[in-house]
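# Secondary and tertiary structure notes
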Amino acid sequence: MLLDESPELAAFRAEVRDFTRANLPADIARKGRLGLELGKDDYVRWQKLLRARGWFAAAWPVEAGGAGWDLRKQLVFIQETALNGAPMIIPYGVNMVGPVLQAFGTPEQQARHLPGILNSDVWWCQGYSEPNSGSDLASLKTTAVRDGDHYIVNGTKMWTTEAHWADWMHCLVRTDREAKPQRGISFLLIDMKTPGIDIRPIVTIDGQHHTNQVFLDDVRVPAENLVGGEGGGWSIAKFLLSNERVAIADTGPKMKLLAEIKEMFATVAPTGVTGTMLRQKIADAEIQLTTLCALEQEYVKIWAGGGSKEGPQASVLKIRGTEILQMLSEIALEIEGPLGAAHDPADLHLGEGANPSPAQRASLMAHHYLYGRCWSIFGGTNEIQRGLIARAVLAA
Ligand SMILES: Cc1cc2nc3c(=O)[nH]c(=O)nc-3n(C[C@H](O)[C@H](O)[C@H](O)COP(=O)(O)OP(=O)(O)OC[C@H]3O[C@@H](n4cnc5c(N)ncnc54)[C@H](O)[C@@H]3O)c2cc1C
């Protein structure tokens, strides 16, 4: 599956694997193995263990308390922890607002916020999208109007993942309605306990509460929480996006899912034409995933060597990553047969010690299938990514 890995990276991969297997708490490992729901406490516990090992904040410089890894090591870490059932690192603090504050924040903002992010004591969410501003983010309407030493914020943010867990939100707001859309946008840090904030759950197709709509009604935000100056929000949003490239194909969880599918196939042992067709589909998916891993390794090598991240490579990885994820979860449901048609969200909370029945295992796979649909929407929809590729290729 993994091609052309240097001995140094292979040794690092083994180190990450050994650490994860030895240190991931058993209850979290069980949830990861069975695909059960993880709570905030699960993520925090794992992130704190990584911090103690010096492996949290993979991209932050060592002097700032991070691991200081280059992109190739970051990729190996993300893949290997996922393969061994560990929770993903929640990006909103450490991978999003943290690097923004390091690059654009004042010394006071850095001193106030970076330690809480590094220790996973302060939880962040990302308030960018709005009901009519998702793909066309520059049209966002939430306003921040200066009033003395505060901004008064009014508007609503949509799909704000984990806002119900968050202490703070990094938010794009409109500070100038006259300027060109992008130039009127600013980047504001908002304490979620401020009066006037109302967080309402959105339950997605998988029956779970991951995301929210956040209403902001005359929310008074200290002006010192503005990052990068008025009108600097769009540049910061672009900077933030370019930091997310290494995780965009998210191959680790797909490799894990493929291994699970092979196990399921062996257990269910479908015969005849169905068995042959499924065997072919699994082989095809494996070839496509191997190709994606090779592409990802190649692009990451180029980026790690200083190559431009501006090209269409990230869009290619995003599209292929989501297509392969959705293909794998469709195969899983085909193997499960009629049982896969039913999904009960309660199965995601299977009690400690209990093993899933065949119906519950199918239900957990159905959850994978349903949740997998949102991967082609968030982080820039696949249609938007295709548009970016077309523009790059046709302009060449
Ligand atoms: C589960 C989930 C979690 C999310 N978490 C967050 C979060 O934490 N914070 C946050 O800020 N946002 C979050 N989002 C929002 C996400 O970024 C947006 O949903 C996404 O950018 C799409 O915007 P939209 O939903 O407004 O759809 P629209 O932009 O209205 O798009 C609707 C459809 O039209 C297509 N389309 C739109 N414009 C074009 C075009 N120019 N060319 C071709 N096709 C086009 C789209 O591809 C899509 O199929 C989340 C979304 C989901 C589903």
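Residues numbered from 1 in each chain as written. Predicted model: local features only at pLDDT ≥ 70, side-chain atom pairs only at ≥ 80, totals over all residues. Heavy atoms only, no water.

### With respect to the overall build of the protein chain
Looking only at helices and strands, the protein chain features twelve helices and eight strands. Taking 396 residues into account, the globule formula puts the C-alpha radius of gyration at 21 Å, and the protein chain, at 22 Å, falls close to it. Expressed as lengths along the three principal axes of its C-alpha atoms, the size of the protein chain is roughly 75 × 50 × 45 Å. Within the protein chain, the fraction of its 396 residues that count as buried is 47%. Contacts spanning at least 24 positions in sequence make up 73% of the contacts within the protein chain whose residues lie at least 6 apart. When the accessible surface of the protein chain is summed, it comes to about 18,200 Å², and 56% of that surface belongs to carbon and sulfur atoms. (Helix = DSSP H or I, 4+ residues; strand = E, 2+ residues; numbered from the N terminus. Rg over C-alpha atoms; globule rule 2.2 N^0.38 Å. Buried < 20%, exposed > 50% of the residue type's maximum accessible area, 1.4 Å probe, protein only. Contact = heavy atoms within 4.5 Å. Areas by Shrake-Rupley, 256 points an atom, 1.4 Å probe, with all protein chains shown as cover.)

### Some details on the site of the ligand
Surrounding the ligand, one finds 16 residues, the nearest of these being Ser 135, Trp 159, Thr 161, Thr 381 and Glu 383. In the environment of the ligand, an oxygen atom lies 2.6 Å from a nitrogen or oxygen atom belonging to the side chain of Ser 135. Against a free-state accessible area of 970 Å², the protein chains account for coverage of 65% of the ligand. (Near = heavy atom within 4 Å. Polar contact = N/O pair within 3.5 Å; in protein donor to acceptor, adjacent residues only side chain to side chain.)

### A closer look at the pattern of salt bridges
All chains considered together, the criterion is met by 21 salt bridges. Across the pair Arg 45 and Asp 41 runs a salt bridge, and its minimum N-O distance is 3.3 Å. Highlighted residues: Arg 45 and Asp 41, both in helix 3 (residues 40-53), separated by four residues, approximately one helical turn. We classify Arg 45 as partly exposed; its relative accessible area is 27%. (Salt bridge = Lys/Arg side-chain N within 4 Å of Asp/Glu carboxyl O.)

### Observations concerning empty space enclosed by the protein
Inspection of the entire model under this criterion finds one cavity of 30 Å³ or more. Roughly 90 Å³ of volume is contained in the largest cavity. What lines the largest cavity is Gln 47, Phe 56, Ile 90, Tyr 92, Gly 93, Val 94, Ile 117, Ser 120, Val 122, Trp 123 and Trp 124. At three residues, helix 5 (residues 91-104) tops the list of elements feeding residues into the lining of the largest cavity. By residue class, the composition of the lining of the largest cavity is eight nonpolar, three polar and no charged. (1 Å grid on protein atoms, 1.4 Å probe; cavity = no way out; pocket = protein on both sides within 12 Å on 5 of 7 lines; lining within 4 Å. Points joined across faces, edges and corners; volume = space filled by probe spheres on them. Nonpolar A, V, L, I, M, F, W, Y, C, P; charged D, E, K, R; others polar.)

### Some remarks on the side chain of Lys 157
Take Lys 157: it is sitting in strand 3 (residues 150-157). Lys 157 gets classed as buried once you look at its relative accessible area, which sits at 0%. A polar atom in the side chain of Lys 157 sits 2.8 Å from the backbone oxygen of Leu 172.

### As for the packing of helix 4 (residues 71-83) against helix 8 (residues 251-268)
The interhelical angle for the contact between helix 4 and helix 8, taken along N-to-C directions, is 30 degrees, at an axis separation of 7 Å. Between helix 4 and helix 8, the crossing angle belongs to the class labelled roughly parallel. Once helix 4 is placed against helix 8, the crossing between them reads as right-handed. Here Gln 79, Ala 82 and Leu 83 of helix 4 come into contact with helix 8, specifically with Thr 251, Gly 252, Pro 253, Met 255 and Lys 256. (Axes fitted to C-alpha atoms, helices over the stretch in contact; angles between N-to-C directions. Parallel < 35°, antiparallel > 145°, perpendicular 65-115°, else oblique. Left-handed = near helix turned anticlockwise from the far one by under 90°.)

### Observations regarding helix 3
For helix 3, with 14 residues, the first-to-last C-alpha span of 20 Å sits near the 20 Å given by 1.5 Å per residue. Listed in full, the buried residues belonging to helix 3 are Asp 42, Tyr 43, Val 44, Trp 46, Gln 47 and Leu 50. Directly beyond the C-terminal end of helix 3, a positive phi value near 80 degrees is found at Gly 54. (Expected span 1.5 Å × (residues − 1).)

### What about the environment of Val 300?
Relative to the helices and strands, Val 300 is located in helix 9 (residues 272-304). Val 300 sits 79 residues away from Gly 379 along the chain, and the two C-alpha atoms are 19 Å apart. Contact partners of Val 300, with chain neighbours within four places excluded, come to Leu 71, Arg 72, Leu 75 and Val 246.

### Some details on the nonpolar core
By size, the foremost hydrophobic cluster in this structure holds 46 residues, and its most contacted members are Leu 50, Trp 55, Phe 77, Leu 172, Phe 187 and Leu 189. Of all elements in the fold, only helix 1 (7-23), helix 3, helix 4, helix 5, helix 6 (107-118), strand 4 (168-174), strand 5 (185-191) and helix 7 (233-242) reach the threshold of two or more residues within this core. No other element matches helix 5, which puts six residues into this core. Residues contacting Phe 77, with those up to four places away along its chain left out, are Phe 12, Val 16, Leu 50, Trp 55, Trp 69 and Ile 89. Core analysis: the next-biggest nonpolar cluster, separate from the first, contains 33 residues, Val 246, Ile 261, Ala 285 and Tyr 299 among them. (Core = buried A, V, L, I, M, F, W, Y, C linked by side-chain atoms within 4.5 Å.)

### Describing the pairing of strand 7 (residues 209-222)
Inspection of the sheet shows strand 3 paired to strand 7 by seven bridges, in the antiparallel sense. Residue Val 153 lies in a different strand from strand 7, and its bridge partner there is Val 219. Of the strand pairs in this sheet, strand 6 (residues 197-203) and strand 7 are connected by seven bridges, and their pairing is antiparallel. Paired with Val 203 across the two strands is His 209, which belongs to strand 7. What sits between the antiparallel neighbours strand 6 and strand 7 is a turn of five residues, in which Gly 207 has the positive phi angle 80 degrees. (Pairing = 2+ DSSP bridges.)

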